[in-house]
Amino acid sequence: MWLRVAAGGPAALKVLAAAGAAAAPVRLVWAGPLERPLAPLSTPWAPALELDSGTILFSPNAICQFFFLARGEEPTDLTNQWLEWEATELQPAASAALYAQLVHGKKGLEAVEALGKLLAHIEQNLSRRGTAYLAGDTKSVADVVVWGTLFPVLQDETSLPSELQVLRTWFQSMTLSEACRKAADSVLMPKALLEFKSYLQKQPPPCLAMERATSNEPEEEEGSEPALTEEEITAAADAWGRGAAALPKPWQPQKPVLPVEGMRNILITSALPYVNNVPHLGNIIGCVLSADTFARYCRLRNWNTLYVCGTDEYGTATETKAVEEGLTPQEICNKYNAIHADIYRWFNISFDFFGRTTTPYQTMIAQDIFQRLLARGFLLQDTMEQLRCEECQRFLADRFVEGTCPFCSYKEARGDQCDKCGKLINAVELKNPQCKLCRGVPVVKPTQHLFLDLPKLQEQLEPWLEQSWATGDWTANARYITRSWIRDGLKPRCITRDLKWGTPVPLDGFRDKVFYVWFDAPIGYLSITANYTDQWERWWKNPQQVELYNFMAKDNVPFHSVIFPCSLLGADDNYTLVNHLIATEYLNYEDGKFSKSRGVGVFGDMAKDTGIPADIWRFYLLYLRPEGQDSAFSWSDLMLKNNSELLNNLGNFINRAGMFVCKFFGGTVPNMVLTPDDKRLLARVTLELRQYHQLLEKVRIRDALRCILNISRHGNQYIQVNEPWKRIKGDEKDRQRAGTVTGVAVNIASMLAVMLQPYMPAVSLAIQRQLCIPPDCFVLSHDFTCTLPPGHCVGTVSPLFQKLENDQVEALRKRFGGGQAKDTPPASETLVAPGDPQLIQELTEEVAKQGNHVRQLKANKAEKAQVDTEVAKLLELKKQLALAEGKSPEVPVPKGKRKK
């Protein structure tokens, strides 16, 4: 193999490092900077790998992957996710940072400003996984590629923010490795860098087009707004002049909501929450709240919309919860279904119907799909080995076995899926399996089961997927996870379980079994709709007229993109299949994970006891919705966003606009004479409104919220510049100007009330009542029109939001941080219930992560004080684990701390 690289080019760094790390037998060809690249569209300094077969690889990442593949290292899903993230997000930002350094002469933290959130993303993932490298405990192609992109920018380590300690440790470890060090010495020579700098100076600066879309914060750079054209300004003024009469009339569907010929019929589902637990904030934003926001938007667009959800009530988890609480499975389902319904009602989730899966319709529809699959030859019978706990006298369902993952060696993998590498596994494949109920060692026993023949269905699945991807909106993670399943090859999937609580299997020889929950649960969407209307088939067997949106967190993707569609395709009954699959990443809590048993994080039944209104929770969760990467709930940030974005920005503008009408014009909207500046404002607001539509139509809910806040910022600036409170005291011309500014501002507030409704329905309703906005104006169009004309009377205007105080937030942080256990020494022991499998699993996972962190610090010779602090945390976690396991809580004293 011949590897052509040019010294000085950043891309050469990663391919040389990958060649060295993989010990690839390549012959190097050093190309000059002015030599013509091998590929017609390649830039100078682009590497190329010519294989012995004559094939040439031009992509640096593809070359790196080839080296590792040639060594026999297959990429994992996690590795591929890092490579995709590096190519789409990190590379553009790193190019901009390098340009800032070499061309603009920026240094230190100023030079890496464009990388800020991306570096934090790496830090967060390394910290959360507790591994030495990006995709596990060993170096992978992902580490080499990400390091190669970062090193040209961060080789002066003063550029790395000091708080990113885990990232710094990883970066230093990679830089000191032989392969990376040699690559850096070969590529980044002073003379070559000067030539590369000269080349960059002749190029336009890199454009980060997606920077605003991927950011968690609104961009505030001065002068960044697009220039307005005269056509846009004239069009905005014309639309304003047409008034409320130009708005479409709000659509009020009949009950029950059914598809209507000639209308856009939208069917929305959110992943069915397990009935046996209480949803935390991450569950709420990942499924029901995201779907609710989109459903509300659809209704405001006059799209005929049905939103259904319900509790997933079958399976071993319900049986076990019933044993824990001394209730029957049905009683557990009744109890927790009511808890879920109360939580969602408090969060103002606008289901058309919230149901459950323990119904006769569920049995009827699931068994019908099963019979149709059986008749068409898509089911297999086979004997499978299953783990049985002799101590508990039961076959163990997948989720009640844990052990070491056979793929990535993660020690707390569940029997159905590894939370670390994401691969689905069979429980008998686990190394060192344990029964989660009694901690005994289960034995393998044979049992007959039924399997869905996914390989046979793949030839139907793949063309359907291609069509759905081409015509629908699937999030990037949903596409990626689905592609990885298809790429790895589908395997038959067991659809039965040796349980009692579930939908019975209607086949001789299997009548003592039930359907596996992931065959059964998605069918719940259909049965819940059937419990809403006996005409459910008009939604679920009508792909010609119905668009289906599925909302979920990313761990549910394979079941909705592969297994459930295969079941419906195989049933061959004209079922409606998903058109748009919307998956979020994960929401974490502060620096860790939500844990009900340890009192960490806010759960749905606790939010209403905080004194913070539901709409504030909705706003903040949607503001940090994990659309492109994981995000984290933070009490400090919640206070900041409430006090700045809601109180000082949005609330301040709407309150001032309404108050000016009341105070200066007797509660009546004054006459308006628009100036060129006013018309430019109308055009600017119209652009934000249309951007809001474009984003929500693509279900980019978080980004669309920024448009609302941008409009209120424009409104505040408009009021501040024109000072109507001063002009009202001046001459006739000034008073007329005060009237125009007040009238325009209150109409912007009116439009914001409508735009805000999907996000904060109670606040939206309050604005509607205060400003007396006509119900016919509560509909969304693409134009900003004058809905409150001169002479319109407003009502009593009052503040919409209250300030969150620091002491209030600190009290809540302590209350929900698990820290209350530290107030008195016995508290931690009383909180830890011996034998609680969920708590034992969580603590075991935390101990493993903290242990890895400590080992990493010691290996990198961190400061003793830092190591001692982390060791103390590890010992406290071990103490809690010992208590949970019913053992003595005594923990060895750390070295150097023993009493003599």
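Look up a bit, the structure's there.
Every value quoted in this text rests on a predicted model; they were computed, and no experiment measured them. (Residues numbered from 1 in each chain as written. Predicted model: local features only at pLDDT ≥ 70, side-chain atom pairs only at ≥ 80, totals over all residues. Heavy atoms only, no water.)

Time to look at the overall build of the protein chain. Within the protein chain one finds 34 helices and 20 strands. Scored against the burial criterion, the 900 residues of the protein chain give a buried share of 56%. Considering only intrachain contacts with a sequence separation of at least 6, the fraction spanning at least 24 residues in the protein chain is 77%. Carbon and sulfur atoms form 52% of the exposed surface of the protein chain, whose accessible area is close to 38600 Å². (Helix = DSSP H or I, 4+ residues; strand = E, 2+ residues; numbered from the N terminus. Buried < 20%, exposed > 50% of the residue type's maximum accessible area, 1.4 Å probe, protein only. Contact = heavy atoms within 4.5 Å. Areas by Shrake-Rupley, 256 points an atom, 1.4 Å probe, with all protein chains shown as cover.)

So, on to empty space enclosed by the protein. The full count for this structure, using the stated rule, is four cavities of 30 Å³ or more. Its volume calculated, the largest cavity comes out at about 120 Å³. Along the wall of the largest cavity there are 14 residues; nearest its centre are Leu247, Met751, Val779, Asp783 and Thr787. The dominant element in the lining of the largest cavity, judged by the number of residues it contributes, is helix α29 (residues 732-756), at three residues. Residue composition of the lining of the largest cavity, by class: nine nonpolar, four polar and one charged. Taken as a whole, the second largest cavity encloses approximately 60 Å³ of empty space. Every residue along the wall of the second largest cavity is listed here: Met384, Glu385, Gln386, Asp398, Asn426, Ala427, Val428, Cys494 and Arg497. For the lining of the second largest cavity, the element with the highest residue contribution is strand β8 (residues 379-389), accounting for three residues. (1 Å grid on protein atoms, 1.4 Å probe; cavity = no way out; pocket = protein on both sides within 12 Å on 5 of 7 lines; lining within 4 Å. Points joined across faces, edges and corners; volume = space filled by probe spheres on them. Nonpolar A, V, L, I, M, F, W, Y, C, P; charged D, E, K, R; others polar.)

The next subject is the packing of aromatic side chains. The geometry of two aromatic rings is summed up by the distance between their centres and the angle between their planes. One pass over the full model with this rule turns up 30 aromatic pairs. Geometrically, the ring pair formed by Tyr344 and Phe351 is edge-to-face, given 5.8 Å between the ring centres and 80° between the ring planes. An identical accessibility class is assigned to Tyr344 and Phe351; each is buried. Measuring from ring centre to ring centre gives 5.1 Å for Trp346 and Phe347, while their planes differ by 90°; the resulting arrangement is edge-to-face. On the basis of relative accessible area, Trp346 is assigned to the partly exposed category, the value being 25%. Each member of the aromatic cluster is reached from another via a ring pair, and the members are Phe294, Tyr297, Trp303, Tyr549, Phe551 and Tyr692. Above the plane of the ring of Trp469 lies Arg483, whose end atom (NZ or CZ) is 4.8 Å from the centre. Across the ring face of Tyr623, the terminal group of Arg706 is positioned such that the distance to the ring centre comes to 3.9 Å. (Phe/Tyr/Trp six-rings, centres within 6.5 Å; stacked < 30°, edge-to-face > 60°. Lys NZ or Arg CZ within 6 Å of the ring centre and 35° of its normal.)

Moving on, we get to the sheet that holds β8. With respect to topology, four strands assemble into an open sheet ordered β9-β8-β13-β14, the strand pairing being antiparallel. Two strands bound the open sheet, and with one partner strand each, they are β9 (394-395) and β14 (493-494). In the sheet, strand β13 (residues 443-452) pairs with β14 via two bridges, with the strands oriented antiparallel. Note that in β14 the partner of Leu452 across the bridge is Arg493. (Pairing = 2+ DSSP bridges.)

This paragraph deals with the sheet that holds strand β10 (residues 401-404). Taken in spatial order, the three strands of this open sheet run β11-β10-β12, and their pairing is antiparallel. Each having just a single partner strand, β11 (413-414) and β12 (431-435) make up the two edges of the open sheet. Across two bridges, the pairing between β10 and β11 is antiparallel. Directly across from Glu402, in β11, lies its bridge partner Arg414.

Attention shifts here to helix α22 (residues 557-571). Compared with an ideal rise of 1.5 Å per residue, which puts 15 residues at 21 Å, α22 spans 21 Å between its outermost C-alpha atoms and is within 8% of the ideal. Of all the bends in α22, the greatest, near 30°, is centred on Pro565. The element α22 is largely enclosed, with a buried count of 15 among its 15 residues. Downstream of α22 by one or two residues, Asp572 has phi in the positive range, about 55°. (Expected span 1.5 Å × (residues − 1). Bend = angle between axes of the 7 residues up to and from the residue.)

Glancing now at the environment of Ala21. One can find Ala21 in helix α1 (residues 10-21). We classify Ala21 as partly exposed; its relative accessible area is 22%. Considered as a pair, Ala21 and Ser140 are 119 residues apart in the sequence and their alpha carbons are 9.0 Å apart. In this view, Ala21 contacts Phe68, Arg71, Val144 and Ala179; residues no more than four positions away in its chain are not counted.

Before going further, it helps to examine the nonpolar core. Counting 185 residues, the largest nonpolar core has Ile268, Ile369, Trp617, Trp635, Tyr692 and Tyr759 as the members making the most contacts within it. Of the residues forming this core, the biggest block, twelve residues, is contributed by α29. Setting aside chain neighbours within four positions, we find Tyr759 in contact with Thr293, Arg618, Leu622, Tyr692, Leu696, Ile701, Ala704, Leu705 and Ile708. The next biggest cluster of nonpolar side chains, apart from the first, holds 57 residues, and it includes Leu118, Leu119, Val144 and Val187. (Core = buried A, V, L, I, M, F, W, Y, C linked by side-chain atoms within 4.5 Å.)

Okay, the environment of Glu331 next. Mapped onto the elements of the fold, Glu331 is located in helix α15 (residues 329-346). Within the structure, Glu331 has its side chain in polar contact with the backbone nitrogen of Thr328 (distance 2.9 Å). (Polar contact = N/O pair within 3.5 Å; in protein donor to acceptor, adjacent residues only side chain to side chain.)

We now examine the packing of helix α14 (residues 316-325) against α15. In contact at an axis separation of 8 Å, α14 and α15 are set at 95° when each is read in the N-to-C sense. When the axis of α14 is compared with that of α15, the two are roughly perpendicular. In this structure, α14 uses Thr318, Lys321, Ala322 and Glu325 to contact α15, whose residues at the interface are Pro329, Ile332, Cys333, Lys335 and Tyr336. In the contact of α14 with α15, the residues fall into five nonpolar, one polar and three charged. (Axes fitted to C-alpha atoms, helices over the stretch in contact; angles between N-to-C directions. Parallel < 35°, antiparallel > 145°, perpendicular 65-115°, else oblique.)

Geometric values such as these leave the question of function open.
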